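As a plain string of letters, each chain reads:
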Amino acid sequence: MEIVLQNLTKIFPGRGKSSEEVIAVNDFSFTLPDGKLVGLLGPSGCGKSTTLYMISGLQKPSAGRIFFGEDDVTDLSPENRGVGLVFQNYALYPHLTVKQNILFPLQNLRGADKLSKKEMIERAYEAAKLVQIDELMERKPSELSGGQQQRVAIARALVKMPRVLLLDEPLSNLDARLRLQTREEIRRIQKETGITTVFVTHDQEEAMSISDLIVVMKLGVVQQIDEPQAVYDDPTNLFVAKFLGTPPINVLEGRVVGEKLYIGESAVMDVPGVLDQEVIVGIRPEGFVLDANGPLTCKLSNVEVMGRDISVVSTHESSLNPTVRSIINADNKVPAAETVSYSLKPHKVFLFSKEDESRIRFEVK
């Protein structure tokens, strides 16, 4: 099911005499392709959950329209939209068994959609099998782990055979290992069912690992929409560059003179086509190359061995971060010295305007 959002806006009224209106989502237009998993990504307060709730029908947009395929569903109630919604807190009924929790949405169907008891049981077990909890059907939620409870919530959303599956930070309450396992399960389920899925998260690693497309948001405004790797490799502004990546991007002050990029007093690389100006420089951790004669010299703080890679922690007077962190292949040996020198990979270096933090592009040779 293709989802089309046209100029979607949500404004919450101010509270009290001096409070101003809050624009939670501002003129959001996007087409979610049929059968894809789209991640809505951004920090708290960016409008991602509000967007999800407008798609579900739990919140009504202040302006704009929402289409499921050819159908305008903007004014439809949630129960008539054909959506399955999974909340962060699972929202299971504690007094019901797993089977009863999964059956609950089917028992409320009326008219032509009403199912026989046998059909409901069959559907419940199909959904449970899909999320691999069919052996837990007689247990109560209190007898399940957090990951199992989350699977019950997903099965309950899928049992209605929704046109759209909406997931609101579904992994936030799980520990690190369960998060990894459950996100892999969500991706498997989505691929098997082919349901158009919207996944809300503030965790960029989660969004990048399972999404076909990611939408990066800030203060209600869409910053960039693209495939995860494309957003990482080609950020549209400094906010996107800083939000994606683990470890985060290194940010330094720089200047361009005669199409050369200077960090501190050193010309570190050519930037063809860029006018002379002060700039903000972003360097991905993997963009450093150990080079005894390299133009960028940092004061060495620490070397962290991570097995496959080495993380070199250093400082530079031009850095806007407390440290400069570079990721180096473990086959390289970091010299035992007070300083460490690098050359840079041009395709891992980004320039941004000091005025508005927009991207300044240059030709990478």
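In case you missed it, the structure is sitting above this.
The rules behind the values
- Residues numbered from 1 in each chain as written.
- Predicted model: local features only at pLDDT ≥ 70, side-chain atom pairs only at ≥ 80, totals over all residues.
- Heavy atoms only, no water.
- Helix = DSSP H or I, 4+ residues; strand = E, 2+ residues; numbered from the N terminus.
- Buried < 20%, exposed > 50% of the residue type's maximum accessible area, 1.4 Å probe, protein only.
- Contact = heavy atoms within 4.5 Å.
- Areas by Shrake-Rupley, 256 points an atom, 1.4 Å probe, with all protein chains shown as cover.
- Lys, Arg positive; Asp, Glu negative; His and termini not counted.
- Charge placed at Lys NZ, Arg CZ, Asp CG, Glu CD.
- Pairing = 2+ DSSP bridges.
- Axes fitted to C-alpha atoms, helices over the stretch in contact; angles between N-to-C directions.
- Salt bridge = Lys/Arg side-chain N within 4 Å of Asp/Glu carboxyl O.
- Polar contact = N/O pair within 3.5 Å; in protein donor to acceptor, adjacent residues only side chain to side chain.
- Phe/Tyr/Trp six-rings, centres within 6.5 Å; stacked < 30°, edge-to-face > 60°.
- Lys NZ or Arg CZ within 6 Å of the ring centre and 35° of its normal.
- Expected span 1.5 Å × (residues − 1).

Draft legend 1. Looking closely at the overall build of the protein. Counting secondary structure elements, the protein contains eight helices and 21 strands. Expressed along its principal axes, the backbone C-alpha trace of the protein runs to roughly 75 × 45 × 45 Å. Every one of the 365 residues in the protein was classed for burial, and the buried ones make up 49%. Sequence separation of at least 24 residues holds for 66% of the intrachain contacts in the protein that already meet a minimum separation of 6. On the protein, roughly 17,900 Å² of surface is accessible, and the fraction owed to carbon and sulfur atoms is 48%. Across the protein, the 42 positively charged side chains and the 49 negatively charged ones have centroids separated by 6 Å.

Draft legend 2. Region of the structure containing the pairing of strand E17 (residues 309-315). Of all seven residues in E17, six are buried, a share of seventy percent or more. The loop that links strand E16 (residues 296-305) with its antiparallel partner E17 comprises three residues; one of these, Gly-307, has a positive phi angle of about 95°. Sheet topology note: the E17/strand E18 (residues 324-329) ladder contains six bridges and is antiparallel. From the neighbouring strand, Asp-309 faces E18, where its bridge partner is Asn-329.

Draft legend 3. Spatial organisation of the sheet that holds strand E5 (residues 71-72). Spatial ordering of the open sheet is given by E2-E1-E4-E5, a layout of four strands whose pairing is antiparallel. Edge strands, defined here as strands with exactly one partner in the open sheet, are strand E2 (22-32) and E5. Strand direction decides the pairing type here: strand E1 (residues 3-12) and E2, joined by seven bridges, are antiparallel. By the bridge assignment for E2, Phe-12 is matched with Val-22. Contacts from helix H1 (residues 48-56) reach E1, E2 and strand E4 (63-68), with the element oriented near 120° to E1.

Draft legend 4. The arrangement of the side chain of Arg-284 in detail. Its location among the elements puts Arg-284 in the loop between strand E14 (277-283) and strand E15 (288-290). Lacking a salt bridge, the buried Arg-284 has Glu-286 as its closest oppositely charged neighbour, with an N-O distance of 5.1 Å. Reaching out from Arg-284, the side chain makes a polar contact with the backbone oxygen of Ala-241 at a distance of 3.1 Å.

Draft legend 5. Focus on the packing of aromatic side chains. Counted by the stated rule, this structure contains four aromatic pairs. Residues Phe-28 and Phe-30 carry aromatic rings whose centres are separated by 6.4 Å and whose planes lie at 15° to one another, so their mutual orientation is stacked. Accessibility expressed as a relative area gives 1% for Phe-28, which makes it buried. In this structure Phe-30 comes out as buried when scored by relative accessible area, which is 13%. Against the face of Tyr-232 rests Arg-284, its NZ or CZ located 3.9 Å from the ring centre.

Draft legend 6. Inspection of helix H4 (residues 146-158) at higher detail. With 13 residues, H4 should cover 18 Å at 1.5 Å per step; its first-to-last C-alpha distance of 19 Å lies within 8% of that length. Summarising burial for H4: 11 of the 13 residues are buried, a large majority. All buried positions along H4 are accounted for by Gly-147, Gln-149, Gln-150, Arg-151, Val-152, Ala-153, Ile-154, Ala-155, Arg-156, Ala-157 and Leu-158. Looking at the buried residues of H4, the elements they touch are strand E6 (83-86), helix H2 (98-107), helix H3 (117-130), strand E7 (164-168) and helix H5 (176-193).

By themselves, these figures tell us nothing about what the structure is for.
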